[in-house]
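# Topology and contacts: notes
The primary structure of each chain is shown beneath.
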Amino acid sequence: VRRDVSDTMWRTSARRWMADATRLTRRTACQEAQEEGTRSWTSWKRAGSAVVATNAVGGVASYAWDTHVLVDAVGTGAFAASACATWTTSARTKAQSVLAACVVAWAMRLGGHLAHRIAQTKHDPRLEPYLQTSHAAEGDFVSKVPWKYMQFWSLQALWAFVSLLPVTAAHALPRTKAPTVRPWALGLFAAFLAMETVADIQKSQYRSNPDNNGHWVDEGLWKYARHPNYGAEIGLWWSVYAMAVTKATAWTAIGPLGVTMLLVKGSGIPVLEKLHEEKYGGNAAYQHYKQNTNLLFPWP
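Residues numbered from 1 in each chain as written. Predicted model: local features only at pLDDT ≥ 70, side-chain atom pairs only at ≥ 80, totals over all residues. Heavy atoms only, no water.

## Here's the deal with the overall build of the protein
For the record, the criterion: Numbering goes from the N terminus for both helices and strands, where a helix is a DSSP run of H or I of at least four residues and a strand is a run of E of at least two. Any pair of residues with heavy atoms lying within 4.5 Å of one another is described as a contacting pair. Accessible surface area values rest on a Shrake-Rupley calculation with a 1.4 Å probe, where residue burial reflects the displayed protein chains alone.
On a plain count of helices and strands, the protein comes out with ten helices and two strands. From first element to last, N terminus to C terminus, the protein shows the α and β order α-α-α-β-β-α-α-α-α-α-α-α. The long-range share in the protein, meaning contacts at least 24 apart out of those at least 6 apart in sequence, stands at 75%. Element-wise, carbon and sulfur atoms account for 63% of the exposed surface of the protein, whose accessible area totals about 16500 Å².

## Considerations on the packing of aromatic side chains
Here is the rule: Two rings from Phe, Tyr or Trp (for Trp, the six-membered ring) form a pair when their centres sit within 6.5 Å of each other. Planes less than 30 degrees apart are called stacked, planes more than 60 degrees apart edge-to-face, and all others tilted.
According to the stated counting rule, one finds 13 aromatic pairs in the structure shown. With 4.7 Å between their ring centres and 65 degrees between their planes, Phe79 and Trp159 make a pair best called edge-to-face. Here Phe79, found in helix 2 (residues 71-89), pairs with Trp159, found in helix 4 (residues 146-163); they are 80 residues apart in sequence, far enough to count as distant. Between Trp106 and Trp237, the aromatic rings sit 5.1 Å apart at their centres with planes inclined by 75 degrees, giving edge-to-face as the arrangement. Separated by 131 residues along the polypeptide, Trp106 in helix 3 (residues 94-121) and Trp237 in helix 7 (residues 228-244) bring together distant segments of the chain.

## Notes on a nonpolar patch on the surface
Here is the rule we go by: The patch calculation keeps residues exceeding 30% relative accessible area without a salt bridge and links them within 9 Å when they carry like charges or within 5 Å when they are nonpolar (Val, Leu, Ile, Met, Phe, Trp, Tyr). The rule for a salt bridge is simple: a side-chain nitrogen of Lys or Arg has to be within 4 Å of a carboxyl oxygen of Asp or Glu. Burial classes follow relative accessibility: with a 1.4 Å probe on protein chains only, a residue under 20% of its type's maximum area counts as buried, one over 50% as exposed, and anything between as partly exposed.
Together, Trp238, Leu257 and Met261 line one region of the surface with nonpolar side chains, adding up to about 280 Å² of accessible area. Note on placement: Trp238 falls in helix 7. Residue classification places Trp238 among the partly exposed residues on the basis of a relative accessible area of 32%.

## Examining the pattern of salt bridges
In total, this model carries five salt bridges according to the counting rule given. For the salt bridge of Glu196 with Arg109, the shortest nitrogen-to-oxygen distance reads 3.3 Å. Taken as a pair, Glu196 in helix 6 (residues 183-208) and Arg109 in helix 3 lie far apart in primary sequence, 87 residues in all. Both residues of the pair, Glu196 and Arg109, count as buried. For Lys290, the salt bridge goes to Glu277, with nearest N and O atoms at 3.1 Å. Note that Lys290 is positioned in helix 10 (residues 284-292) and Glu277 in helix 9 (residues 269-280), a separation of 13 residues in sequence. For Lys290, a relative accessible area of 25% puts it in the partly exposed group. In the salt-bridge network here, residues are joined through shared partners; they are Arg226, Glu273, Glu277 and Lys290.

## Considering the nonpolar core
Rules: Note on terminology: a nonpolar core comprises buried Ala, Val, Leu, Ile, Met, Phe, Trp, Tyr and Cys residues joined through side-chain atoms within 4.5 Å.
Membership of the largest hydrophobic core comes to 35 residues, with the highest contact counts inside it found for Trp106, Phe189 and Trp237. Of all the secondary structure elements, the ones that give two or more residues to this core are helix 2, helix 3, helix 5 (165-171), helix 6, helix 7, helix 8 (254-265) and helix 9. Sort the elements by how many residues they give to this core and helix 7 lands first, with nine residues. Leaving out residues up to four positions away in the same chain, Trp106 has contacts with Thr76, Phe79, Gly111, Phe189, Leu193, Glu196, Glu233, Leu236 and Trp237. With eight residues, the next largest nonpolar core counts Ala199, Trp216, Trp222 and Tyr286 among its residues.

Honestly, that's just the spatial picture; any functional story needs more than this.
Structure below.
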């Protein structure tokens, strides 16, 4: 009898213990899911706030000072601001930190180059089809119509937000679901960043030589591709996607796809190709260069 009573008490205690453990596990899982949802929402909210705030400040400053020399510096700065803002809410894994560092490195490099260039020229022909200006002849990019001015800066903020979808999504993941460091993808990023840097330096040096006035850039990487800087830019953002993607975030390919479409079909190559055709279209040597040179990636 005593043995039966003891066994019954033990089984009752075991059932209670298992029931308590099950409730605790469910409560912990619910808490983790809630924390994951909170982190994800915070990350997306900070990403949007960062790009909007940065471009709003840049737009107001540019309008107040009657200049657009801040356009590219602010545009790339919004990327860095967003990546840093979302990193602060992340689990701060090694991969998440590498992603933020890559975006900041790209923003500093490209933003510095573009800011230096437009500070010297006060003129960027890429902007003319998208902004009505009151003093374009003097290189003064003051918008005639405020709403179009606001539209331009809003689109620039959207460009940053969409391009950074892979990074924002990766930063929103908990430690157990975050991507791991992928050395091959990081290597591709470094290679494309170096390619973009070399292409920009070569173009700047070519343009600074008075003997090259009235001639298209066809030296260095530009001998083998008409737009190697854009090819590097596209490859760079696909490399970022490769570093950031997981099964749950595969949909963020929208980001690098948007960059590709913008440069190939939007404000990048079509604008420059049209300008070059207007300048050099009657030159047989340019037509030969155009027909026999790759569009994006340097290749003999």
